[in-house]
Amino acid sequence: LPTANLLAQTPGEWTWMHGDNTPNSSGVFGTQGTANPANTPPALYEVCDWKDNNGNFWIFGGIDGSGKYGAALWKYDPTINQWAWMKGPSALNQSGVYGTQGIPSPANYPGARGYGATAWVDALGNLWLFGGSGRDAVGSSGRLNDLWKYDILTNQWTWMKGPNTVFNSGSYGTKGVSNPANLPPFRDETSCSWTDNAGNL
């Protein structure tokens, strides 16, 4: 759809902007890192989603029509009405590549997951996600409590905190006292989350 038509949209009306009008589409991945009018993510349920500081929309993971989990990261640029597959495999049900905790790497990406992992954007514009249900480092399936950061500028994921295995019970520590050992338990469908003015979740 030409940009001029986007600006001319009548307020209070829906416009079909992109993607298929049939269910369970397999999508078009195209070339990783390259936007293209033909690209579109597969039909997905309960992805992680963000809006970055430049107004672009991002999604990660989700569950396809056959119940399998994705691990691909997508970016939608509304100024050109195009999707780009940015990171992660196009194949489904993939294990995570965790690398070394706290160290970014081009090879890193979270394991395939869905069911509403918590997602937020920090004050510097990095994308974060926590938990969800999916695959861990060895391919086991279940609920997770790992914490990941994605740096848009470098196109790299960093495993920041938490275990690389499913069903970890976490550690509460002392109420009101932060501690490096503290960690929320595994969870999915975490729809309640906030970011304060300092960028804390």
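Think of each chain on its own: its residues are numbered from 1, step by step along the sequence as written. Reporting in this predicted model follows two pLDDT cut-offs: at least 70 for local features of residues, and 80 or more for side-chain atom pairs to be given and counted; totals over whole chains, interfaces and linings ignore these cut-offs and use all residues. Side-chain numbers here rest on the full set of heavy atoms in the structure, without hydrogens or water.

K.L.:
Would you mind going over the side chain of Gln 82 with me for this structure?
P.N.:
Put simply, DSSP marks the helices as runs of H or I at least four residues long and the strands as runs of E at least two long, and each gets a number from the N terminus on. Looking at the element boundaries, Gln 82 is found in strand β4 (residues 82–87). Here Asn 36 takes part through its backbone nitrogen, which lies 3.3 Å from a polar atom of the side chain of Gln 82. Not counting residues up to four positions away in its chain, the partners in contact with Gln 82 are His 18, Ala 35, Asn 36, Pro 37, Lys 75, Tyr 76 and Asp 77. Polar contact is the term for a pair of N or O atoms within 3.5 Å; when the atoms are in protein, one must be able to donate a hydrogen and the other to accept it, and sequence-neighboring residues count only if both atoms are side-chain atoms. Note on contacts: a residue pair is in contact if any heavy atoms of the two residues lie within 4.5 Å.

K.L.:
Please explain the pattern of salt bridges as it appears in this structure.
P.N.:
Close approach of charged atoms lets side chains of opposite charge pair. Whenever a carboxyl oxygen of Asp or Glu lies within 4 Å of a side-chain nitrogen of Lys or Arg, that contact is scored as a salt bridge. Summed over all chains, the structure comprises 2 salt bridges. The partner of Arg 113 in a salt bridge is Asp 146, and the shortest N-O contact between them spans 2.8 Å. Pair noted here: Arg 113 is in strand β5 (residues 113–114) and Asp 146 is in strand β8 (residues 141–151), with a separation of 33 residues, a long-range link. Three labels apply to residues, based on accessible area from a 1.4 Å probe with only protein chains included: buried if under 20% of the type maximum, exposed if over 50%, partly exposed otherwise in between. Judged by its relative accessible area of 0%, Asp 146 falls in the buried class. The residue Asp 188 makes a salt bridge to Arg 143 at a minimum N-O spacing of 3.1 Å. Taken together, the residues span a long stretch of sequence, with Asp 188 in the segment after β9 (156–161) and Arg 143 in strand β8 at a distance of 45 residues.

K.L.:
What should I look at first to understand the side chain of Asn 56 in this one?
P.N.:
Along the chain, Asn 56 falls in the loop between β1 (48–51) and β2 (57–60). With relative accessibility at 9%, the residue Asn 56 sits in the buried group. When sequence neighbours within four positions are dropped, the list of residues in contact with Asn 56 reads Trp 50, Lys 51, Lys 75, Tyr 76, Asp 77 and Pro 78.

K.L.:
Quick question: what am I supposed to make of the packing of aromatic side chains here?
P.N.:
Geometrically, a pair of aromatic rings is defined through the distance of the ring centres and the angle of the planes. Ring pairs are drawn from Phe, Tyr and Trp, using the six-membered ring of Trp, whenever the two centres fall within 6.5 Å, and their geometry is named by plane angle: stacked under 30 degrees, edge-to-face over 60, tilted for the rest. Per the counting criterion, the structure on display carries 15 aromatic pairs. Seen from their ring centres, Phe 60 and Trp 157 are 5.6 Å apart, and the 65° between their planes marks the pair as edge-to-face. A residue pair is termed long-range when its members are at least 10 positions apart, and Phe 60 in strand β2 and Trp 157 in strand β9 qualify at 97 residues. Using a relative accessible area of 0% as the deciding quantity, one classes Phe 60 as buried. Put simply, the rings of Trp 58, Phe 60, Tyr 98, Trp 148, Tyr 150, Trp 157 and Trp 159 touch in pairs and so form one group of aromatic residues.

K.L.:
In this structure, what is going on with the environment of Gly 99? I would like to understand it.
P.N.:
Summarising the element assignment, Gly 99 is placed in the loop between β4 and β5. In this structure Gly 99 comes out as partly exposed when scored by relative accessible area, which is 49%. Residues Gly 99 and Asn 24, 75 residues apart in the sequence, show an inter-C-alpha distance of 33 Å.

K.L.:
Sorry, what's going on with the nonpolar core here?
P.N.:
Nonpolar side chains tend to gather and get buried jointly when the protein is soluble and globular. Definition of nonpolar core: a set of buried residues of the types Ala, Val, Leu, Ile, Met, Phe, Trp, Tyr and Cys, connected through side-chain atoms within 4.5 Å. Trp 50, Phe 60, Leu 73 and Trp 157 are the most contacted members of the largest nonpolar core, which totals 24 residues. For this core, the secondary structure elements donating two or more residues are β1, β2, β4, β6 (118–121), β7 (127–135), β8 and β9. Among the nonpolar cores identified, the runner-up in size contains 8 residues, and Phe 29, Val 47, Ala 72 and Tyr 76 belong to it.

K.L.:
It is not clear to me how the pairing of β9 should be interpreted in this structure. Could you clarify?
P.N.:
Two faces make up the sheet, and in a regular strand the side chains alternate between them. Two strands are said to pair when DSSP picks up at least two bridges between them. Alignment of β8 against β9, held across 5 bridges, turns out to be antiparallel. Along β9, the bridge assignment pairs Trp 148 with Trp 159. Two successive antiparallel strands, β8 and β9, enclose a turn made up of 4 residues, where Asn 155 displays a positive phi of approximately 55°.

K.L.:
Quick question: what am I supposed to make of the environment of Thr 174 here?
P.N.:
In this structure, Thr 174 sits in the segment after β9. A relative accessible area of 53% means that Thr 174 is categorised as exposed. Along the sequence, Thr 174 and Asn 145 sit 29 residues apart, while their C-alpha atoms lie 19 Å from each other.

K.L.:
It is not clear to me how the environment of Asn 36 should be interpreted in this structure. Could you clarify?
P.N.:
Relative to the helices and strands, Asn 36 resides in the loop between α1 (3–7) and β1. In this structure Asn 36 comes out as partly exposed when scored by relative accessible area, which is 33%. When the C-alpha atoms of Asn 36 and Cys 192 are compared, they prove to be 34 Å apart, with 156 residues separating the residues in sequence. When sequence neighbours within four positions are dropped, the list of residues in contact with Asn 36 reads Gln 82 and Trp 83.

K.L.:
Looking at this structure, I do not really get the sheet that holds β4. What am I missing?
P.N.:
In a beta sheet, neighbouring strands are held together by backbone hydrogen bonds and run either parallel or antiparallel to one another. Reading across the sheet, the 4 strands line up as β1-β2-β3-β4 and stay open at both edges, with antiparallel pairing between neighbours. The open sheet has two edge strands with one neighbour each: β1 and β4. Shown here is a sheet whose adjacent strand axes are inclined to one another by a mean of 20°, direction ignored. Pairing of strand β3 (residues 73–77) with β4 involves 5 bridges; the strand directions are antiparallel. Among the inter-strand pairings, Trp 74 is bridged to a residue of β4, identified as Trp 85. For helices, the axis comes from a line fit to the C-alpha atoms of the stretch in contact; other axes are also lines fit to C-alpha atoms, and the angle between any two N-to-C directions lies between 0 and 180 degrees.

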